[in-house]
Amino acid sequence: MEIIRNIFDGIVLIKPDVFGDERGYFFESFNEDKYKEHLGDVRFVQDNISKSTRGVIRGLHYQIGNAAQGKLCHVLKGRVLDVAVDIRVGSPTFGGYYAAELSEENHHQLWIPPGYAHGFSVLSDDVIFHYKCTALYHKSSERAVRYDDPAIGIKWQVDNPIVSAKDAMAPLLSEIAPDFTFTPGAASGIFTP
């Protein structure tokens, strides 16, 4: 598999080796030993699947404290723009975002460590989106940043976005609590809650 790192500390785009022929294709969507080598000592405890239609934006979500989640995201059907926003106070990329297209055709995966808010927009008629989490869902630890915060300026690539009332009312980046602190020189995925 090909591993692509970028200026956003800890975020990794994974392009798995896909073996295809006239029957279809095969690839490993997760292999603990291989992924540990590239993502560090992560342990997944929950898998989630969502279905959405064209134009839906979900996010930008995160959890805090001991419930902070790292997410390994990929698409089973359709196409999305997957987005991670750096919310670590003191980070040189604070408020910046990384976006990657994930689709059933490219089979790419995006690793988003704790300290980032996560969301995606649906670019196909519908999508089935799957992600593995390093912590269980915990309602009282759930937080969000508004998807259309002009200070972040995400180009979602959808017209007339469809969002939940809860996501539409999420606070701006400037209004959220400083729940994550950037630690210079920390290994990917390490954070201070």
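What this report covers is the structure whose coordinates are included nearby. (Residues numbered from 1 in each chain as written. Predicted model: local features only at pLDDT ≥ 70, side-chain atom pairs only at ≥ 80, totals over all residues. Heavy atoms only, no water.)

### Examining the layout of surface pockets
Then comes step 1: For the largest pocket, the calculated volume is near 400 Å³.
Then comes step 2: Looking at the largest pocket, it is lined by 22 residues, and the ones nearest its centre are Arg58, His61, Lys71, Tyr131 and Glu142.
Then comes step 3: Those elements that place two or more of their residues in the lining of the largest pocket are strand 5 (46-53), strand 6 (57-63) and strand 12 (116-122).
Then comes step 4: Take the lining of the largest pocket: its biggest share by element is six residues, from strand 6. (1 Å grid on protein atoms, 1.4 Å probe; cavity = no way out; pocket = protein on both sides within 12 Å on 5 of 7 lines; lining within 4 Å. Points joined across faces, edges and corners; volume = space filled by probe spheres on them. Helix = DSSP H or I, 4+ residues; strand = E, 2+ residues; numbered from the N terminus.)

### Concerning the pairing of strand 12
Then comes step 1: Counted residue by residue, strand 12 has seven buried out of seven residues, so it is predominantly covered.
Then comes step 2: Here strand 12 shows no split at all, with Tyr116, His118, Phe120 and Val122 on one side and Ala117, Gly119 and Ser121 on the other all buried.
Then comes step 3: As paired elements, strand 6 and strand 12 share four bridges and run antiparallel to each other. Directly across from Gly59, in strand 12, lies its bridge partner Gly119. (Buried < 20%, exposed > 50% of the residue type's maximum accessible area, 1.4 Å probe, protein only. Pairing = 2+ DSSP bridges.)

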